[in-house]
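Next come the chains, spelled out residue by residue.
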2 protein chains.
Amino acid sequence: MPTINDVARAAGVSPSTVSYVLSGRRPISAETRARVQAAIAELGFHPHAGARALASSKTNVLALVAPLRLDVNVPVIMQFATAVVTAARSFNHDVLLLTKDEGTAGLERVAHSTMVDALILMDIERDDVRLPAIRRLKQPSVLIGMPADHAGIACVDLDFEAAAGLALRHLAGHGHRRIGLIGPSPAVYRRQTTYADRFLAGFLTASAELELRTVTHPCEPGADGVRAALADLDTELPGMTALVVHNEETLRPLLDLLRAAGRRVPEDISIVAVCPRDVAMSMPVNLTSIDIPAHDVGTLAVETAMRLLDGRRVEFTRLLEPGLVERSSCREIPPSHR
Amino acid sequence: MPTINDVARAAGVSPSTVSYVLSGRRPISAETRARVQAAIAELGFHPHAGARALASSKTNVLALVAPLRLDVNVPVIMQFATAVVTAARSFNHDVLLLTKDEGTAGLERVAHSTMVDALILMDIERDDVRLPAIRRLKQPSVLIGMPADHAGIACVDLDFEAAAGLALRHLAGHGHRRIGLIGPSPAVYRRQTTYADRFLAGFLTASAELELRTVTHPCEPGADGVRAALADLDTELPGMTALVVHNEETLRPLLDLLRAAGRRVPEDISIVAVCPRDVAMSMPVNLTSIDIPAHDVGTLAVETAMRLLDGRRVEFTRLLEPGLVERSSCREIPPSHR
DNA sequence: CGAGATTGTCGAAGCGCTTCGACGACACCC
DNA sequence: GGGTGTCGTCGAAGCGCTTCGACAATCTCG
């Protein structure tokens, strides 16, 4: 492996000049630059990451802390990860993948040993135990999610409260008055994962504002969980004409179940799903949905980290506005029937 | 951030002694060691990763190159990734996540700049364009998959040829003679992703050996693709009594379709799936399946990388023996009907 | 036209660690 | 009792890079 000294010698300049060609931090004459670049290309020189990190205290690496257990929404996680890695590369950074399992210790390990310049964390809980540690790190963090106490920490996410409002307003606008919510699994609520809480809060607020009759229900994974949830909703909210489903995994069994019970979508029951676009479109019924813009959120998280790194101002809370796309799972209830 | 010098001063020893306490490469008296460790704990010392990498030419980081596009089997990829990260941590290594999109350039970038000690690559194609580059790197690589020319490169995977044989033998043992294969999407075959090829090869060999009547068919994703594939199989192989499905994504629509057509599983048609255990068990019919042991493969890949790194011998080709678990999707055809 | 600014380059220091050789202190053995 | 080892520790060199200050050369403008 050639070093910067080899390049310098080959180009007939000093090592520092090579460094300045690489970093652009000082003006270098066009011809010197050309000679240096030629030497770099010819020798196939790549600066040693460790040496660079040591000398400059920058690693050009981001940590991504992902929940790699399988009880969560795998495809969405994957979309976040893809977006983060891609965006990071566009800023000339790489991504170190950590599991949430390592908890606080993992964060501290990579931060204290200066392996990364910044951290991006997913699957944030309401009172996330990692928060104090995050605040103590010298590296900035960006959260995908919004804990209760997020003062001074950059947070990025879909505005789930607004999303719930949007879903209800859409349904109310179509004349629905009795609406059920199928939420994430109880485990997710138990962890107080922030998107679940925020969606629920938005749902309840909008429900009150719009003077709707609503019932909310978490939902265990699997067909049995869906069956139970649906049965409960039917009992507690007779005459229910619409469902908001904030639980990607239940969509498929739910549709199966409804069909088996002879309840047509949207003729007998309308559905608004909150899930990635592609999921909504790959169901037996083309679902009206509010997209979870994993790609945008991931990209924004990286951009925010970059701004933080070069000391620019950032808005500490960035909640992306939800968008609802009409497809074929909501019907208009005629005014006479409302 | 305290440095090794701070620790040395606090413990009243030289920096090299601290280093030897940390690495264990030279004998240190118990009492000195205790003093040093106390100082480390008190100061909260973590060695600087870059400095370490520079001085020792070891990064304690593995690259994981994953296909982060979404056309492939997301959950399986995720399982590999989880296994790799977890296993890496157990060897005190971290994982740098690269996308396959970056291709050869990405590998060379992280390898030449000494960001990683070894590489683990997924989604290997038959004549993978990255192979020459991989051979040239000074860091060792471990492939999850098996390219045509794998001489001198460590490869780890499920033995897909054997898996196909196992599936056919199971069905033949139950009296099935006419068996269809629903394979991955044409795109996967086009890329000549090695697991698809190898499974197909094993399927054809076993089919001949067992003197079965078989037809094989790739399958476009989505319900339409499945419908087309099934129709073709029915046409080309009238009287087909069993299906081998080597395409996780089609399982659900396939079962829907069969049910809709009034074909019961396993009464009218038997199925052996090749997919992760949890997928097989989360279907409407509990599927007899051959597990894709992503966890084992990922772990083995990391172990192999570690052996390579400390110069121990490795078997360059490790194909994990497939296991078939009987559930409820295969019926025995009575001898009278064979 | 000269003081001052700008441009382009160099040399040297130093980032924080590992590792090699050296060395004193002992123990061991014929 | 002097050679031979082993043990435990230290000092110094050096890994490959960035960055700071210095300086010569060139430009700028009142």
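All values derive from a computational prediction rather than experimental measurement.

In this section: the overall build of chain A. The helix and strand inventory of chain A stands at 14 helices and 12 strands. By the compact-globule yardstick of 20 Å for 338 residues, chain A is too spread out, its C-alpha radius of gyration being 25 Å. With the principal axes as the frame, chain A shows a C-alpha extent of 85 × 35 × 35 Å. Within the span of chain A, comprising 338 residues, buried residues form 55% of the whole. Within chain A, residue pairs in contact and separated by at least 24 positions form 69% of the contacts whose partners lie at least 6 positions apart. Counting every atom, chain A has about 14400 Å² of accessible surface; 52% of that belongs to carbon and sulfur. Of the side-chain charges in chain A, 36 are positive and 39 negative, and the distance between the mean point of each set is 5 Å.

Attention now goes to the relation of the copies chain A and chain B. Least-squares fitting of chain A to chain B yields an RMSD of 0.1 Å, with the transformation described by 0.1 Å of translation along the axis and a rotation of 180°. This pairing of chains is accounted for by a two-fold axis.

In the neighbourhood of DNA strand C, 29 residues make up the surrounding shell, with T17(A), T32(A), I4(B), Y20(B) and R26(B) lying closest. The contact atoms of DNA strand C, taken as those within 4 Å of the protein, divide so that sugar and phosphate hold 54%. At a separation of 3.2 Å, a base oxygen of DNA strand C approaches a polar side-chain atom of S16(A). Between DNA strand C and A51(B) there is a distance of 3.4 Å, counted from a base nitrogen to a backbone nitrogen or oxygen. For the surface near DNA strand C, the secondary structure elements donating two or more residues are α2 (15-23) and α4 (49-56) of chain A together with α2 (15-23) and α4 (49-56) of chain B. When the residues that make up the surface near DNA strand C are grouped by side-chain class, the tally is 13 nonpolar, 12 polar and 4 charged.

Another point: the nonpolar core. With 104 residues, the main nonpolar core has I120(A), F199(A), V244(A), I120(B), F199(B) and V244(B) as its most contacted residues. With near-sequence residues (within four places) excluded, F199(B) lies in contact with F160(B), A163(B), A164(B), L181(B), V244(B), H246(B) and V274(B). In terms of nonpolar packing, the next biggest core, distinct from the first, is built from 41 residues, V61(A), A63(A), I153(A) and V110(B) among them.

In the structure shown here, the tally under the stated rule is 42 salt bridges over all chains. When the shortest N-O distance is used, the salt bridge between R312(A) and D310(A) registers 2.9 Å. The class for R312(A) is partly exposed, based on a relative accessible area of 42%. Judged by relative accessible area, D310(A) falls into the partly exposed class, the value being 48%. Across the pair R135(B) and D149(B) runs a salt bridge, and its minimum N-O distance is 3.4 Å. Residue R135(B) is located in helix α7 (residues 131-136), and its partner D149(B) is located in the loop between β4 (141-144) and β5 (154-158); the two are separated by 14 residues in the primary sequence.

What follows concerns the domain arrangement of chain A. Taken as a whole, chain A is organised into domain 1 (4-47), domain 2 (61-158 + 294-320) and domain 3 (160-293 + 324-337). Averaged C-alpha coordinates put domain 1 of chain A and domain 3 of chain A at centres separated by 60 Å.

Turning next to the sheet that holds strand β10 (residues 288-290) of chain B. Residues and elements named next belong to chain B. Read across the sheet, 6 strands follow the order β7-β6-β8-β9-β10-β12 without closing on themselves; strand pairing throughout is mixed. Taken across any chain shown, the strands that pair with only one partner, and hence form the sheet edges, are β7 (213-217) and β12 (324-325). In this structure, strand β9 (residues 270-274) lies alongside β10, joined through 3 bridges in parallel fashion. From the neighbouring strand, A273 faces β10, where its bridge partner is S289.

This brings us to helix α6 (residues 103-112) of chain A. For α6(A), the full list of buried residues reads G106(A), L107(A), R109(A), V110(A) and A111(A). Check the buried side of α6(A) and you find it contacts β1 (61-66), β2 (94-99), β3 (118-121) and α7 (131-136) of chain A together with α5 (74-90) and β2 (94-99) of chain B. Positioned one or two residues after α6(A), T114(A) has a phi angle of 60°, which is positive.

This paragraph deals with the packing of aromatic side chains. All names here are of chain B. On inspection of all chains with the given rule, the structure shows 2 aromatic pairs over all chains. Between F160 and Y195 the ring centres are 5.6 Å apart and the planes differ by 40°, which places this aromatic pair in the tilted class. Here Y195 lies in helix α10 (residues 194-209) and F160 lies in helix α8 (residues 160-173), a separation of 35 residues in the sequence.

What follows is about the protein's contact with DNA strand D. Near DNA strand D you find 28 residues, and of these I4(A), Y20(A), R26(A), T17(B) and T32(B) are the closest. Of all DNA strand D atoms lying within 4 Å of any protein atom, the proportion belonging to sugar or phosphate reaches 52%. Between DNA strand D and the protein, one listed contact pairs a phosphate oxygen with a side-chain N or O atom of R52(A) at 2.7 Å. Between T17(B) and DNA strand D, the recorded distance is 2.4 Å, taken from a side-chain N or O atom to a phosphate oxygen. Contributions of two or more residues to the surface near DNA strand D are made by α2 and α4 of chain A together with α2 and α4 of chain B. Looking at the surface near DNA strand D, the element that brings in the most residues is α4(A), giving 4 residues.

As summarised here, the arrangement of the 12 strands in space is β11(A)-β5(A)-β4(A)-β3(A)-β1(A)-β2(A)-β2(B)-β1(B)-β3(B)-β4(B)-β5(B)-β11(B), forming an open sheet in which the pairing is mixed. The strands lining the two open edges of the sheet, one partner per strand, are β11 (317-320) of chain A together with β11 (317-320) of chain B. Averaged over all neighbouring strand pairs, the angle between strand axes comes to 20°, with direction disregarded. Across the sheet, α6(A) is in contact with β1, β2 and β3 of chain A together with β2 of chain B; its angle to β2(A) comes to roughly 150°.

The linkage connecting V265(A) with the following residue, P266(A), adopts the cis geometry, with an omega of 5°. Counting through the fold element by element, P266(A) comes out in the loop between α12 (248-260) and β9 (270-274). At N60(B), a position not held by glycine, the phi torsion is positive, near 55°. Relative to the helices and strands, N60(B) is located in the loop between α4 and β1 (61-66). In this structure, N92(B) takes a positive phi of about 60° despite not being glycine. Note that N92(B) resides in the loop between α5 and β2.

So, how was this worked out
Residues numbered from 1 in each chain as written. Chains lettered and ligands numbered in written order. Predicted model: local features only at pLDDT ≥ 70, side-chain atom pairs only at ≥ 80, totals over all residues. Heavy atoms only, no water. Helix = DSSP H or I, 4+ residues; strand = E, 2+ residues; numbered from the N terminus. Rg over C-alpha atoms; globule rule 2.2 N^0.38 Å. Buried < 20%, exposed > 50% of the residue type's maximum accessible area, 1.4 Å probe, protein only. Contact = heavy atoms within 4.5 Å. Areas by Shrake-Rupley, 256 points an atom, 1.4 Å probe, with all protein chains shown as cover. Lys, Arg positive; Asp, Glu negative; His and termini not counted. Charge placed at Lys NZ, Arg CZ, Asp CG, Glu CD. Least-squares fit on C-alpha atoms with pLDDT ≥ 70 in both. Near = heavy atom within 4 Å. Polar contact = N/O pair within 3.5 Å; in protein donor to acceptor, adjacent residues only side chain to side chain. Nonpolar A, V, L, I, M, F, W, Y, C, P; charged D, E, K, R; others polar. Core = buried A, V, L, I, M, F, W, Y, C linked by side-chain atoms within 4.5 Å. Salt bridge = Lys/Arg side-chain N within 4 Å of Asp/Glu carboxyl O. Domains from an automatic or database assignment. Pairing = 2+ DSSP bridges. Phe/Tyr/Trp six-rings, centres within 6.5 Å; stacked < 30°, edge-to-face > 60°. Axes fitted to C-alpha atoms, helices over the stretch in contact; angles between N-to-C directions.

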